[in-house]
Amino acid sequence: MLYISTRGQAPELTFEEAMLSGLARDGGLYVPKTIPHLSEAEITAMAGLSYEETAFRVMRPFIDQSFSDAVLGDLISKAYAQFGHGARAPLVQLAPNHFLLELFHGPTLAFKDFAMQLIGQLFQNALTRRNERVTIVGATSGDTGSAAIEAFRGLDNVDVFILYPHGRVSEVQRRQMTTPSESNVHALAVDGTFDDCQARLKDMFNDFPFRDEVRLAGVNSINWARVLAQVVYYFSSAVSLGAPKRKISFTIPTGNFGDIFAGYIAKQMGLPIDRLIVATNQNDILHRCLSTGGYQTTDVHPSVSPSMDIQVSSNFERALFDAYDRDGGAVAHLMSDLSEGGFHVSPEALQALRAHFDSGRVGEDETLHQIAASHSTMGELLCPHSAIGVKVAEDLRDPATPMITLATAHPAKFPDAVENASGIRPPLPHRMADLYERSERVTRVANDLGTLEDLIRERRAK
Ligand SMILES: *Cc1c(COP(=O)(O)O)cnc(C)c1O
């Protein structure tokens, strides 16, 4: 299986190479050249399997033999061994034909652990085999960074630097990034927004001398290996509810379009998904784009669901690539217009997007209201992101088709918003109850490329 860039100008890479590099050298994102198909019989045969076994069957066709079957199986087992639930991604019922997929039983209490724990294992195995060392730099609105630090802390072949927007992440998120004591972990609080962090990260990847000097690797949601790991729970959950015999729909709280793009891949592979519904907060560029075709960036307005406070949705580029019939030149053109403020999706491409995706937007008051309502009527205490998903799903779903809403974080990761909405302060799971007592280590840094690059050069192990 080879991977190609959404902008058509970068070399084709293997899975391992695409994983280790992250962003393509033409600024694009790697996607599989073709999407493997699973037959109805193969999907039916997933019923009753463990999460790990399902993961193996879903991911194997995308991954070259540099990871043998035995090694891949072993790395998958290690990745999910730390999870606090035997099903890894359990389903609970909210209402008739509406289900919640709990993706928050990993070590940092958000769905990012599903991909990051596996990527940590894959990186370690590949780098050891190749006798190489990399510098991982990530930008985070809170959850990616904590998941990356948790997955890479203490690994021999990796330094990990995480850029987060100073003052704009929750205390739990911040502490998960600043309390690990391993010397290969570096939390950087940037004076700016998440989009600034993401922009500086892209700048570093486009600075080829720097990129090569430090062997830069990216584990943001643009990394194909992360998308792939997230495809698995679409299969495991849909099969639990009767797929492939029944069609299933999903609602996904999203900003960067990563998690929902994984659902789109599951659908391409043959999983009978009916609708994939984007749920955004007030930072609603995806909802506006799917409604009108206009993709115009505006300022980011901090919300109670900070992990979706995003205006440039990186993974949307992958969806555009398919909507434009995989024309890399067309995508490169759109992305250059984006740096001038925005673009309009062509009518044909918009139609192609709407064939798979619907969307809804939830404001701040409605989010808090939904947290309270879900607690009183469904008995579920939701994090703000998950509440946005549940609200959009309730508004848009077809009652005859099972709906699965993705619960992207544990409510205890956002205790202030949850308490404000419901009157209940969700406690941290026992295994991380001492988080508030651990000492923190963080560097505050200006939103400036040169400053960041110097810091990374200086701090990384040589
Ligand atoms: C990252 C994150 C999201 C958004 O994920 P996308 O990659 O933008 O789809 C939603 N909720 C939580 C809790 C997150 O951590």
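In the block above lies the structure referred to throughout.
Here we summarise the structure given alongside this text. Given the structure is predicted, the values throughout are model-derived calculations rather than measurements. (Residues numbered from 1 in each chain as written. Predicted model: local features only at pLDDT ≥ 70, side-chain atom pairs only at ≥ 80, totals over all residues. Heavy atoms only, no water.)

### Comments concerning the site of the ligand
For clarity, the cut-off: Here, proximity means that at least one heavy atom of the residue falls within 4 Å of the molecule or strand. Polar contact is defined as a pair of N or O atoms within 3.5 Å, subject to the rule that within protein one atom must be able to donate a hydrogen and the other to accept it, and that residues adjacent in sequence are counted only when both atoms are side-chain atoms. Per-residue and other accessible areas were derived by the Shrake-Rupley procedure at a 1.4 Å probe size, with only the shown protein chains allowed to occlude residues. Only Asp, Glu, Lys and Arg are considered charged, only Ala, Val, Leu, Ile, Met, Phe, Trp, Tyr, Cys and Pro nonpolar, and every remaining residue, Gly among them, polar.
As a matter of local geometry, the ligand sits amid 15 residues, with Lys 112, Asp 143, Thr 254, Asn 256 and Thr 408 nearest to it. Residue Gly 255 places a main-chain N or O atom 3.0 Å away from an oxygen atom belonging to the ligand. With respect to the ligand, the side chain of Thr 408 contributes an N or O atom lying 2.8 Å from a nitrogen atom. Here the ligand has 380 Å² of accessible area as a free molecule, and 97% of this is covered by the chains. In terms of residue class, the shell around the ligand is built from five nonpolar, seven polar and three charged.

### Describing the side chain of Ser 249
Under the convention used in this document: Strands here mean DSSP runs of E at least two residues long; helices mean DSSP runs of H or I at least four residues long; both are numbered from the N terminus. Buried means the residue's accessible area, taken with a 1.4 Å probe over protein chains only, is under 20% of the maximum for its type, while exposed means over 50%, and partly exposed covers the values in between. Residue contacts are defined here by distance: any two heavy atoms, one from each residue, within 4.5 Å place the two residues in contact.
With respect to the element layout, Ser 249 can be found in strand β10 (residues 248–253). Among the residues examined, Ser 249 registers a relative accessible area of 4% and is labelled buried. A distance of 3.1 Å separates a polar side-chain atom of Ser 249 from the backbone nitrogen of Arg 275. Apart from residues no more than four positions distant in its own chain, Ser 249 is found in contact with Asp 274, Arg 275, Thr 401, Pro 402, Met 403 and Ile 404.

### Some details on helix α5 (residues 112–130)
We apply this condition: Here the expected length of a helix is defined as 1.5 Å per residue gap, with one fewer gap than residues.
Compared with an ideal rise of 1.5 Å per residue, which puts 19 residues at 27 Å, α5 spans 26 Å between its outermost C-alpha atoms and is within 8% of the ideal. Within α5, 14 of the 19 residues are buried, which leaves the element mostly enclosed by the surrounding structure. Phi turns positive one or two residues past the end of α5, at Asn 131, with a value near 55 degrees.

### Some details on the packing of aromatic side chains
For the record, the criterion: Stacked, tilted and edge-to-face are the three classes applied to pairs of Phe, Tyr and Trp rings, where Trp contributes its six-membered ring and a pair requires centres within 6.5 Å; stacked means planes under 30 degrees apart, edge-to-face means over 60, and tilted covers the rest. Comment: the charge-over-ring label is applied if NZ (Lys) or CZ (Arg) is within 6 Å of the ring centre and within 35 degrees of the ring normal.
Summed over the entire model, instances satisfying the criterion amount to 19 aromatic pairs. Ring plane angle 10 degrees and centroid distance 5.6 Å describe the contact between Tyr 295 and Phe 316, whose orientation is recorded as stacked. With Tyr 295 in strand β12 (residues 294–296) and Phe 316 in helix α13 (residues 316–323), this pair connects stretches of sequence that are 21 residues apart. The ring of Phe 208 has Arg 25 sitting right over it, with the charged end atom 4.5 Å from the ring centre. Sitting over the face of the ring of Phe 67, Arg 129 holds its NZ or CZ atom 5.1 Å from the ring centroid.

### A few points about the side chain of Asp 64
Condition: Positive residues here are Lys and Arg, negative ones are Asp and Glu, while His and the chain termini are left out of the count. By convention in these notes, a salt bridge is any Lys or Arg side-chain nitrogen within 4 Å of a carboxyl oxygen on Asp or Glu.
With respect to the helices, strands and loops of the structure, Asp 64 is situated in the loop between α3 (51–59) and α4 (69–80). Here Asp 64 is buried and forms no salt bridge, its nearest opposite-charge partner Arg 60 lying at an N-O distance of 6.8 Å. Polar side-chain contacts of Asp 64 include one of 3.0 Å to the backbone nitrogen of Phe 15. There is a polar contact of 2.4 Å between the side chain of Asp 64 and the side chain of Ser 66.

### Thoughts on unusual backbone geometry
A cis amide bond links Ala 243 with the next residue in sequence, Pro 244, at an omega value of 5 degrees. Its location among the elements puts Pro 244 in the loop between α10 (224–240) and β10. Positioned with a positive phi, Leu 109 is a non-glycine residue whose angle comes to about 65 degrees. Turning to its location among the elements, Leu 109 is positioned in the loop between β5 (98–102) and α5. Non-glycine residue Asp 325 carries a positive phi angle of around 50 degrees. Note that Asp 325 resides in the loop between α13 and α14 (328–338). Residue Asp 325 is classed as exposed on the basis of its relative accessible area of 69%.

### What to know about the pattern of salt bridges
For the structure shown, the criterion picks out 32 salt bridges. Glu 16 is the salt-bridge partner of Arg 130, the closest N and O atoms lying 2.8 Å from each other. Here Arg 130 is found in helix α5, whereas its partner Glu 16 is found in helix α1 (residues 15–21), with 114 residues between them in sequence. Residue classification places Arg 130 among the partly exposed positions, given a relative accessible area of 31%. Glu 419 is paired through a salt bridge with Arg 425; the nearest N and O atoms lie 2.8 Å apart. On the basis of relative accessibility, which here comes to 32%, the residue Glu 419 falls in the partly exposed class. One network of salt bridges, in which partners are shared, links Glu 16, Arg 129, Arg 130, Glu 132 and Arg 215.

### Notes on the pairing of strand β7 (residues 158–165)
The criterion, for reference: In short, DSSP must find at least two bridges between two strands for them to pair. A crossover gets the label right-handed when its path from the first strand over the helix to the second runs clockwise, viewed with the strands pointing away from the viewer.
In terms of burial, β7 is a largely internal element, eight of the eight residues being buried. Neither face of β7 is open: one carries Val 158, Val 160, Ile 162 and Tyr 164, the other Asp 159, Phe 161, Leu 163 and Pro 165, and all of them are buried. For strand β6 (residues 134–139) and β7, the ladder comprises six bridges, and the chain directions are parallel. For Gly 138, the partnering residue across the bridge sits in β7 and is Ile 162. Taken together, β6, helix α6 (residues 143–152) and β7 form a β-α-β motif whose crossover is right-handed. Both β7 and strand β8 (residues 185–190) contribute to a ladder of six bridges, which runs parallel. Paired with Pro 165 across the bridge in β8 is Val 190.

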